[in-house]
Amino acid sequence: RRSSDLTYNAWSGWGSCSSITRGPLTCGTKGRRYRFQKYNCAGASKTEFGSCDGLCNCKVTNFYDSSKCSVTCGVGSKKQTRFVLVKAAGGGTPCPSLVRTLSCRELPCPKDCIMNAWAVWGRCSAGCNRKGTEYRYRSVTQQPLNGGTACPSKIDSRTCAGPCCKVNCATSSWGAWTVCSSACGYGKKTRSKTITTQPSCGGTACPSLVQTITCVRWVNRSCEVNYWTKWSSCTFASG
């Protein structure tokens with residue numbers, strides 16, 4: 001039969017890689033392999049050769065830190081990387097993952113002091129119509145840790161006014177009378193007093209602080225008078 005009339009079976013699988021030289025086939029060297037394809041008719045076949053690599057198992061470096069810890073305090077994460085020293089070839093062990101993520105721990109994080117809310121203001125220390133002081137208090141919920149902000153004062157104070165108690169006005173005694181305003185004859189003279197206690201909270205109001213009376217003053221000399229005025233109209237008395 002003519003060769004053009006022959007049909008072929010499928011190629012066989014590749015054979016094992018073998019050394020081209022007499023030396024052993026090692027990692028990084030080239031070898032040769034082959035496969036067959038047979039005709040349908042018995043006994044006829046053809047062979048194909050191909051190059052191949054010696055068996056190489058992947059080799060990698062140790063891991064090293066490729067990033068810093070993701071936090072500055074407490075627990076975080078960081079990445080580590082490694083590199084390939086020898087690539088896998090010839091069916092050798094493939095390379096493992098070159099990147100991994102690990103947890104990392106830094107110094108403990110500082111915690112600031114936390115305070116409870118203020119309680120209500122206490123009773124004013126002042127008595128009636130006086131100024132005093134009142135206080136309020138609060139407690140600590142969390143003490144500061146690892147250099148956190150210290151706790152502020154647990155006591156607060158402010159000025160307060162005591163209860164409003166009724167106080168009546170009080171005054172001093174009357175002062176001396178002034179000199180009569182007239183040098184001769186009738187005039188006026190006054191005396192005064194001052195407030196010693198102001199009224200508050202509905203107490204009695206203060207009275208007048210000035211008192212005026214009529215006075216007469218004679219001197220040891222003749223009194224000088226003006227001329228008489230004209231007579232008035234005559235009036236008749238009945239009967």
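The structure reproduced in this document is the subject of the present report. All of these numbers come straight from a predicted model, not from anything done at the bench.

**Points about the overall build of the chain**
1) Next: On a plain count of helices and strands, the chain comes out with 0 helices and 16 strands.
2) Next: Of all intrachain contacts in the chain linking residues separated by at least 6 positions in sequence, the fraction that spans at least 24 positions is 57%.
3) Next: A total accessible area of about 18,700 Å² is found for the chain, and carbon and sulfur atoms account for 52% of it.

**Let's talk about the sheet that holds strand S1 (residues 18-19)**
1) Next: Read across the sheet, 3 strands follow the order S1-S2-S3 without closing on themselves; strand pairing throughout is antiparallel. Each of the sheet's edge strands pairs with one partner strand only, and the pair in question is S1 and strand S3 (45-53).
2) Next: Bridging between strand S2 (residues 30-38) and S3 involves 9 bridges; their strand directions are antiparallel. Note that in S3 the partner of Gly 31 across the bridge is Cys 52.

**Considering the environment of Ser 139**
1) Next: Residue position: Ser 139 is located in the loop between strand S10 (131-137) and strand S11 (140-142).
2) Next: Along the sequence, Ser 139 and Ser 153 sit 14 residues apart, while their C-alpha atoms lie 9.4 Å from each other.
3) Next: Residues contacting Ser 139, with those up to four places away along its chain left out, are Met 115 and Asn 116.
4) Next: A polar contact is formed between the side chain of Ser 139 and the side chain of Asn 116, at a distance of 2.6 Å.

**Observations regarding the pattern of salt bridges**
1) Next: In this structure the tally under the stated criterion is 4 salt bridges.
2) Next: For Glu 134, the salt bridge goes to Arg 158, with nearest N and O atoms at 2.5 Å. Here Arg 158 lies in strand S12 (residues 155-161) and Glu 134 lies in strand S10, a separation of 24 residues in the sequence.
3) Next: For the salt bridge of Asp 156 with Arg 136, the shortest nitrogen-to-oxygen distance reads 3.0 Å. In this pair, Asp 156 is assigned in strand S12 and Arg 136 in strand S10, connecting sequence segments 20 residues apart.
4) Next: By relative accessible area, Asp 156 is classed as partly exposed at 24%.

**Some thoughts on the packing of aromatic side chains**
1) Next: In this structure the tally under the stated criterion is 1 aromatic pair.
2) Next: Summarising the aromatic geometry, the rings of Tyr 64 and Phe 83 are spaced 5.9 Å apart at their centres and angled 20 degrees between planes, so their arrangement reads as stacked. Of this pair, Tyr 64 sits in strand S5 (residues 64-65) while Phe 83 sits in the loop between strand S6 (75-81) and strand S7 (84-86), and the two are 19 residues apart along the sequence.
3) Next: Using a relative accessible area of 38% as the deciding quantity, one classes Tyr 64 as partly exposed.

**Here's the deal with unusual backbone geometry**
Negative phi values dominate among residues other than glycine, just as trans dominates among peptide bonds.
1) Next: The phi angle at Asn 146 is positive, at roughly 55 degrees, despite the residue not being glycine.
2) Next: Inspection of the secondary structure puts Asn 146 in the loop between S11 and S12.
3) Next: Residue Asn 146 is classed as partly exposed on the basis of its relative accessible area, which comes to 48%.

Rules and cut-offs
- Residues numbered from 1 in each chain as written.
- Predicted model: local features only at pLDDT ≥ 70, side-chain atom pairs only at ≥ 80, totals over all residues.
- Heavy atoms only, no water.
- Helix = DSSP H or I, 4+ residues; strand = E, 2+ residues; numbered from the N terminus.
- Contact = heavy atoms within 4.5 Å.
- Areas by Shrake-Rupley, 256 points an atom, 1.4 Å probe, with all protein chains shown as cover.
- Pairing = 2+ DSSP bridges.
- Polar contact = N/O pair within 3.5 Å; in protein donor to acceptor, adjacent residues only side chain to side chain.
- Salt bridge = Lys/Arg side-chain N within 4 Å of Asp/Glu carboxyl O.
- Buried < 20%, exposed > 50% of the residue type's maximum accessible area, 1.4 Å probe, protein only.
- Phe/Tyr/Trp six-rings, centres within 6.5 Å; stacked < 30°, edge-to-face > 60°.

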